[in-house]
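Observations on chain architecture
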Amino acid sequence: MIKIKVSDEKILARKTDMFVFMLEENFAFGALLQEVAKVAFPQLKQLFEYEKFTGKLMSTVVVPCVIGKKIAHCIFVGLGKSNDKKPLNVENYRRALGCVVKLAASLKAETITLDLPSAQMFDVSVEFLAKQTAIIVDMAAYQFTTFWTDKERKGTQLAEVVVGGDAKDAKAMTRGIIEGQCIGNAVNKTRHWIDMPPSSMTPDHMADRAQKIAKEHKDLKLTVFSEKEINKMGMGGLGGVSRGSDLDCKLVILEYKTKTKNAPTVAFVGKGITFDSGGLSIKPADSMENMKDDMSGAAAVIATMEALAILKPDINVIGLAPISENLPSGKALKPGDVVTFYNGKTAEIKNTDAEGRLVLADALSYAVKHYKLDAIMDLATLTGACAYFLGPYFTGMLSRHDDFVARVQQAADLSGDRVWRLPLHEDYKAAIVTPMADLSNTGSSRIKSGTITAAWFLSNFVDDVPWVHLDIAGTAYDVPDISYYRTGATGAGVRLMIELAMNWKK
Ligand code: BES
Ligand code: MN
Ligand code: ZN
């Protein structure tokens, strides 16, 4: 784990491999830069002009220097500018910082130091900015190296980050950093589980991970239902999807209970298909390539529950993860089959590749039946259509409950896990009608809009509980060009869920 420390020493007095200076677009060459010039590189101003460095977002200038007889690098990174008179966007800071961490790796720096930028410039608190710093340092440094046998390939690992600030802010900064590291850890744990090969992250493996977490945190209560119990309880969706697989499906439930009296209770439900081949409605090879990521929702929920057990929000949180493989075999669910869910509703299976909604239907029904919920949110790599429409930069959000939507929207904006609402309008509802059963598991080609019709399907399993559905099909994996991610899993939803739970406020 990267050590992140707070310091009130002047930046150039700190011992480090890399001094980082973050500058707004069209910055003034002020006292600090003049000092850097004096100590490290007299022609600094000319160098900025030579490299046409004006502080544009993520533009960088790298200067090797000798400070106090020690070789180091001074790094200047642009924070970009704000529109009109608005404060700078925190996302600019995240991306500039992600860039710094990647640069540290390429310059083989083991330690870096920076000053926390003025929180005022972003119109946020010092604590919040320190929290974002820790989250992004951890996220940007993530690598999936489990199967690398060449030790050299990992390169230099960042070991320590020193964050400078006013002595009066030290407490707030430390609080923010501790919370941020907990969140960063949860995000990276999620990413690691998703990046693992599908045969090494089966329903069993995932249940084991949940069990390990529950053992380590006494504030968490764990329940794991086996395939036998799942079928016995009448969960025909989860049990049905698992039929084609030789492995047992699981329903994992982690409960966090706050000490606060009369606190609201919120449930998070994550889709956990550890490999989605499509089943008998088998996917073409190139669509199947990344389908180990189809448990991203479940991974996010389980890792989030661990973070919450440490951060202890003032609300009760239930995390549920229906986990299964979706494979073809002689026993597999067939197009034309009808399944009955935990709440008694039935669905005709027209396409076995629309399996996510089937496992979620049972988990949602279970949650609303067994807990008195104030809200329920599910996260799922549910539809290719969502990945097409919003691409990799926004998670699709669908809901009929504007109050809950407002909370989720706020948590999304604050955390950087961005969402965009799509219309869950009545007109689309006709798409999932079939003469065979209560519901059809695929929308009709007449209406298309697969993301919306999938959400309508799920709406049948939440009763009257305020509900938000997040489709993370586009955002969970391989998000390009964002400096603090890399190829592979992103941990989408973890930052959002933690922010939502921590700031619920009754
Ligand atoms: N897991 C997929 C959705 C998906 C696609 C996630 C691409 C990430 C990237 C889901 O189970 C699926 O196969 N959905 C089908 C539904 C269709 C058969 C109604 C889809 O979107 O094509
Ligand atoms: Mn599928
Ligand atoms: Zn799927």
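Preceding block: the structure.
In this report, we go over the structure that sits alongside the text. Just so we're clear, the structure is a prediction, and the values are computed from it rather than from any experiment.

Describing the packing of helix α12 (residues 356–370) against helix α15 (residues 450–459)
- At a minimum axis distance of 9 Å, the contact between α12 and α15 shows a crossing angle of 30°. It follows that α12 is roughly parallel to α15 by the angle criterion. Remark: the crossing between α12 and α15 carries right-handed chirality. Along the contact surface, α12 presents R357, L358, L360, A361 and L364, while α15 presents A454, F457 and L458.
- When its residues are assigned to classes, the contact of α12 with α15 shows 7 nonpolar, no polar and 1 charged.

A short note on the sheet that holds strand β13 (residues 346–348)
- Strand order in the open sheet formed by 3 strands is β12-β13-β17, and the pairing between neighbours is mixed. Every other strand in the sheet has two partners, leaving β12 (338–340) and β17 (439–440) as the edge strands with one partner each.
- Two strands pair when backbone bridges link them, and β13 and β17 are joined in this way by 2 bridges, in the parallel orientation. The partner of A347 across the bridge, within β17, is L439.

So, the layout of surface pockets
- Roughly 860 Å³ of volume is contained in the largest pocket.
- Forming the boundary of the largest pocket are 33 residues, of which K283, M291, T383, G384 and A385 lie nearest the centre.
- Where the lining of the largest pocket is concerned, the elements lending two or more residues are α10 (285–288), α12, α13 (384–390) and α15.
- The element that contributes the greatest number of residues to the lining of the largest pocket is α13, accounting for 4 residues.
- In this structure, the second largest pocket spans a volume of roughly 610 Å³.
- Considering the residues around the second largest pocket, the lining is formed by 24 residues, among which I2, A141, Y142, Q143 and Q157 are closest to the centre.

Here's the deal with unusual backbone geometry
- Phi at N26 is positive, roughly 60°, even though this residue is not glycine.
- Take N26: it is sitting in the loop between β2 (18–24) and α1 (31–39).
- Backbone geometry places D481, a non-glycine residue, at a positive phi of 65°.
- With respect to the element layout, D481 can be found in the loop between β18 (467–471) and α16 (494–502).

Points about the coordination of the zinc ion (ligand 3)
- Looking at the zinc ion (ligand 3), one finds its protein donor set to be K271 (NZ), D276 (OD), D294 (OD) and E355 (OE), positioned 2.0 to 2.4 Å from the metal centre.
- Here the zinc ion (ligand 3) is ringed by 6 donor atoms whose angles at the metal span 78 to 175°, and the overall shape comes out octahedral.
- Written as a sequence motif, the donor arrangement for the zinc ion (ligand 3) is K-x4-D-x17-D-x60-E.
- The distance between the zinc ion (ligand 3) and the manganese ion (ligand 2) comes to 3.1 Å, with D276 serving as a donor to both metals. Of this pair, D294 sits in the loop between α10 and α11 (296–311) while E355 sits in the loop between β13 and α12, placing them 61 residues apart in sequence.
- Classification of E355 as buried rests on a relative accessible area of 0%.

Remarks on the pairing of strand β3 (residues 60–67)
- The side-chain alternation of β3 yields one buried face, formed by V61, V63, C65 and I67, and one unburied face, formed by T60, V62, P64 and V66.
- Bridge analysis of β3 against strand β4 (residues 70–80) gives 8 bridges, and the strand direction is antiparallel. Directly across from V62, in β4, lies its bridge partner I75.
- Remark: 2 residues form the turn of the hairpin made by β3 and β4, two consecutive strands paired antiparallel; G68 in that turn has positive phi of roughly 55°.

A short note on the side chain of K250
- Secondary-structure assignment places K250 in strand β8 (residues 250–256).
- For K250, a relative accessible area of 10% gives the class buried.
- Setting aside its immediate chain neighbours within four residues, K250 contacts P203, D204, A207, V224, F225, I230, L238, A321, P322 and I323.

Here is what the cut-offs are and how they apply
- Residues numbered from 1 in each chain as written.
- Chains lettered and ligands numbered in written order.
- Predicted model: local features only at pLDDT ≥ 70, side-chain atom pairs only at ≥ 80, totals over all residues.
- Heavy atoms only, no water.
- Axes fitted to C-alpha atoms, helices over the stretch in contact; angles between N-to-C directions.
- Helix = DSSP H or I, 4+ residues; strand = E, 2+ residues; numbered from the N terminus.
- Parallel < 35°, antiparallel > 145°, perpendicular 65-115°, else oblique.
- Left-handed = near helix turned anticlockwise from the far one by under 90°.
- Contact = heavy atoms within 4.5 Å.
- Nonpolar A, V, L, I, M, F, W, Y, C, P; charged D, E, K, R; others polar.
- Pairing = 2+ DSSP bridges.
- 1 Å grid on protein atoms, 1.4 Å probe; cavity = no way out; pocket = protein on both sides within 12 Å on 5 of 7 lines; lining within 4 Å.
- Points joined across faces, edges and corners; volume = space filled by probe spheres on them.
- Donors = N, O, S within 2.8 Å, 3.2 Å for Na, K, Ca; no water.
- Tetrahedral: all angles 85-135°; square planar, octahedral: opposite > 155°, others 65-115°.
- Buried < 20%, exposed > 50% of the residue type's maximum accessible area, 1.4 Å probe, protein only.

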